[in-house]
Amino acid sequence: MSWRPITPRLAGLAMARQLCAEDPATLFHDGLELHRQLEPLPPSQALTRLWQRYACWLVERPRPLLAPHPLEGRPFADGRFQPPAAEATVARLRTLWPLLLQRLKPAPTVSVVLPLFGQEAVTLRCLESLVQEQLRRPDPPANLEILLLDDASPAGSIDQLVALVAELDSKHLRLLRQPDNLGYLRTCNSGAANATGELLCFLNNDTVVTTDWLTELIGSLEGFPDAGLVGPMLLYPDGRLQEAGGIVWRDGSAWNYGRDGDPTDPSYGFCRDVDYVSGACLLMRTELFRRIGGFDSRYAPAYYEDTDLAMAVRDLGYRVLMQPLARVIHYEGLSSGRDHDSGPKRFQERNARLFRSKWERRLQSHAENGSAVWHERNRGRVGRILVMEASLPTPDRDAGSLYILHLLTDLLALGWDVSFLPTDNLLWQPDYGTPLQRLGVEVLVHPWVPSVNQLLEERGDHYEAILIARPEVADRWLEAIKTHAPLARLLYYTHDLHHLRMERQLAVQPEAISREAIERMRACEKRILDIVDAVLYLSEEERRQAVERLSPRAAGFVLPPRVRREALPSSFHERQGVLFLGGFGHPPNADAVLWYVQEVLPALRHLAGDAAVPHFHVVGANPPAAIQALAGEGVTVHGYVADLGPLLSRLRVCVAPLRFGAGVKGKMLTAMAAGLPLVATGVAAEGLGLRHGLTALLAEDAEAFARDVLALHSSAELWERQVEAATAHLEAGWGAAVVREHLADALRALGLPVAPVSRPLPEQHWPLPLGAGPEGLLSFYNLR
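How each quantity is defined
- Residues numbered from 1 in each chain as written.
- Predicted model: local features only at pLDDT ≥ 70, side-chain atom pairs only at ≥ 80, totals over all residues.
- Heavy atoms only, no water.
- Helix = DSSP H or I, 4+ residues; strand = E, 2+ residues; numbered from the N terminus.
- Buried < 20%, exposed > 50% of the residue type's maximum accessible area, 1.4 Å probe, protein only.
- Contact = heavy atoms within 4.5 Å.
- Areas by Shrake-Rupley, 256 points an atom, 1.4 Å probe, with all protein chains shown as cover.
- Pairing = 2+ DSSP bridges.
- Axes fitted to C-alpha atoms, helices over the stretch in contact; angles between N-to-C directions.
- Core = buried A, V, L, I, M, F, W, Y, C linked by side-chain atoms within 4.5 Å.
- Parallel < 35°, antiparallel > 145°, perpendicular 65-115°, else oblique.
- Left-handed = near helix turned anticlockwise from the far one by under 90°.
- Nonpolar A, V, L, I, M, F, W, Y, C, P; charged D, E, K, R; others polar.

1. Re the overall build of the protein chain
Working step 1: In terms of helices and strands, the protein chain carries 28 helices and 25 strands.
Working step 2: Burial status across the protein chain gives 59% buried among its 784 residues.
Working step 3: In the protein chain, the proportion of contacts linking residues at least 24 apart, taken out of those at least 6 apart, comes to 76%.
Working step 4: Of the roughly 31300 Å² of accessible surface on the protein chain, 52% is carried by carbon and sulfur atoms.

2. Section: the sheet that holds strand β21 (residues 616-619)
Working step 1: In space, the six strands of this open sheet follow the order β22-β21-β20-β23-β24-β25, with parallel pairing throughout. Every other strand in the sheet has two partners, leaving β22 (635-639) and β25 (697-698) as the edge strands with one partner each.
Working step 2: By the bridge criterion, three bridges tie strand β23 (residues 653-656) to strand β24 (residues 678-680) in an arrangement that is parallel. From the neighbouring strand, C654 faces β24, where its bridge partner is L678.

3. Re the sheet that holds strand β17 (residues 489-493)
Working step 1: Ordered by their spatial adjacency, seven strands build an open sheet running β15-β14-β13-β16-β17-β18-β19, and the pairing between neighbours is parallel. Since the sheet does not close on itself, it has two edges, and those belong to β15 (442-443) and β19 (555-558), each with one partner.
Working step 2: The sheet strands contacting helix α14 (residues 399-413) are β13 (383-389), β14 (416-422), β16 (465-469) and β17, and the helix crosses β14 at an angle near 150°.

4. Some thoughts on the nonpolar core
Working step 1: Ranked by internal contacts, the top residues of the largest apolar core, which has 105 residues, are Y493, Y596, F616 and V655.
Working step 2: For this core, the element with the highest residue contribution is helix α21 (residues 587-608), accounting for 10 residues.
Working step 3: Sequence-distant contacts of Y493, defined by excluding residues within four places in its chain, comprise Y403, I404, L407, L467, I468, A469, R470, L536, L538 and L559.
Working step 4: L93, L199, L217 and L221 belong to the second largest nonpolar core, which has 48 residues in total.

5. A look at the packing of helix α16 (residues 452-459) against helix α17 (residues 471-484)
Working step 1: Where α16 meets α17, the axes come as close as 9 Å, and the angle between the chain directions of the two elements is 20°. By the angle between their directions, the pair α16 and α17 is classed as roughly parallel. Crossing hand, α16 versus α17: right-handed. Contact with α16, carried on its side by V452, N453, L456 and E457, involves W477, A480, I481 and H484 of α17 and no other residues of that element.
Working step 2: Class assignment for the residues of the contact of α16 with α17 results in five nonpolar, two polar and one charged.

Rendered as structure tokens:
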């Protein structure tokens with residue numbers, strides 16, 4: 001093997017492209033943008049900084065590197081695309097297909113309908129991309145059958161394809177040949193009639209699929225129970241955006257939203273309700289397609305049939321979604337050409353008139369051509385709201401982030417078009433931003449948002465409401481919000497009363513905080529609560545404290561954190577040990593653990609006598625050295641744990657020995673939701689309405705706390721009684737339906753609309769996002 005020297009610039013660009021790319025089709029724009037961040041630095045220094053992130057990424061990324069096919073990402077120049085030679089593709093498929101066949105089950109789940117007319121090499125390239133994408137996965141996302149529909153191709157034009165299908169002889173790969181040319185629409189209907197899968201995917205033969213395309217489409221169709229039709233983001237081969245869903249205007253004309261744009265632009269990068277998705281690739285349930293009657297044959301041979309199908313799906317009460325995390329490269333025009341005066345393209349204008357006539361009444365609610373794009377791009381939303389927080393929510397690391405995630409999904413469920421702005425650094429964190437985009441939240445980050453001020457100046461008048469979380473965010477940006485969004489209703493989400501928490505910390509740790517800092521925070525919170533229109537408190541107790549301490553002018557509403565019951569099956573006798581749960585970026589948690597180990601554990605050992613003392617497990621991100629030093633006999637410091645399930649299912653009791661703090665504590669709700677009984681201080685139980693001896697055991701001094709821990713850990717009867725009572729209490733006050741109605745009431749009181757029927761919450765079908773590893777990973781915008 002021979003090596004050739006390369007410049008630092010070339011090495012940096014190569015790593016930047018790999019760092020930014022999950023698929024070969026997306027190698028271009030992001031890699032260049034990342035590399036531009038490094039250009040002001042000397043080459044050696046830039047390469048060193050980039051290499052540190054690249055090395056982390058190689059270790060932390062969830063799947064191995066993929067070698068891009070040389071044709072993926074090749075520019076589509078002047079309408080010409082030369083696919084790989086059919087002979088070479090056939091040879092590869094002979095090798096690849098048996099490998100895929102080993103992983104497929106007899107009964108298909110998804111039927112991929114792939115119409116073709118000649119163009120053998122193009123079809124083979126599409127087929128190879130399907131097979132390669134499936135083989136790259138640890139497990140296939142769905143059990144496929146691929147139906148190749150030959151629309152009476154010219155004699156001899158697909159001989160190698162015919163021979164390959166015959167040679168492979170698999171019921172998962174079938175070639176259905178029409179004796180006469182039916183055209184695209186009737187050929188697709190014929191293929192759908194022969195499909196045996198529960199789901200039906202129409203895919204043009206001039207496409208190349210990318211990693212996870214089908215997983216994301218299926219996830220959206222099943223994750224949103226009211227979804228009827230889902231399509232991907234379509235890309236040109238050079239990485240430009242071809243279409244991120246479509247908009248249909250009042251006159252029946254249509255837009256490919258985002259055409260020629262950048263697919264990484266957050267305006268296009270979140271799941272949306274769209275008027276239609278392109279027939280180049282779409283997924284729906286086979287039963288629904290047949291119930292509608294398939295593509296309307298009046299549009300034969302082609303054009304507007306996909307738009308008409310989407311309208312029919314919506315007419316039955318289902319949603320039409322574009323999921324941008326599913327990406328398909330489309331060599332537009334290869335299937336049907338681009339000449340409007342010849343070939344199938346000549347039917348485009350005729351079918352536009354037919355479509356307009358058929359759906360004229362429904363189209364009256366649509367905007368005039370080219371107007372109100374911000375509203376039309378996300379069909380059926382009652383309004384637009386901007387949520388401003390310090391950073392992207394990290395719900396696996398802190399309770400406040402979990403509250404914000406639930407708030408975002410509840411706003412979506414109530415019909416709002418939701419944008420999220422991480423104000424501190426506008427930093428994109430893929431492991432936390434991507435799940436939000438998948439759910440339908442627009443995530444506004446750098447470089448698309450150069451600054452918070454500029455975003456408010458350019459888009460402030462687009463929002464009917466702006467929700468701000470945390471006093472430092474509100475204090476910094478309220479003036480700009482009032483200037484650039486004077487008509488927007490302002491809501492403030494407290495998380496807790498910060499000055500009250502600081503006062504309580506002063507009582508316990510006098511050296512940790514000053515009275516001047518407390519007074520500054522109190523004045524800040526007072527100022528915020530006098531300016532905004534409404535304040536969302538986490539509990540009735542917090543609202544009472546705010547009224548007594550701050551006399552706010554803003555209307556106050558209680559919005560308790562939403563909890564989903566996730567009780568684990570283990571019984572009392574299958575469990576052992578005591579859990580503390582809480583991130584150590586929050587000062588009360590470190591103090592609580594130190595107090596438990598230094599004060600409660602000695603009392604516990606004294607009370608237990610010769611009996612074994614329950615082992616203490618400390619779980620939470622970023623434990624400081626003082627906490628890590630506690631690890632030893634009887635104490636395990638786990639630090640950050642991505643999947644809490646195994647620990648929650650084997651530990652018997654959860655403790656919350658907080659001596660100061662404010663607001664509703666997420667650790668308490670998490671424990672109750674998992675079926676873990678609690679021993680807590682009054683500060684930890686604040687705002688939850690817990691009753692000592694019924695829904696929790698409450699204690700203030702170390703000896704009483706130790707006594708309650710021992711009693712709960714040793715008595716199966718007490719343990720089971722408290723779990724049952726806490727579960728009922730949780731559902732009554734913090735269940736999804738209850739909390740969502742609290743939010744709806746607050747919005748209505750401010751004169752803001754809510755959807756008459758809440759949309760199903762999609763996060764019930766997807767796991768919470770997990771951490772990405774080192775904090776610097778992919779921090780493109782803090783390199784300098």
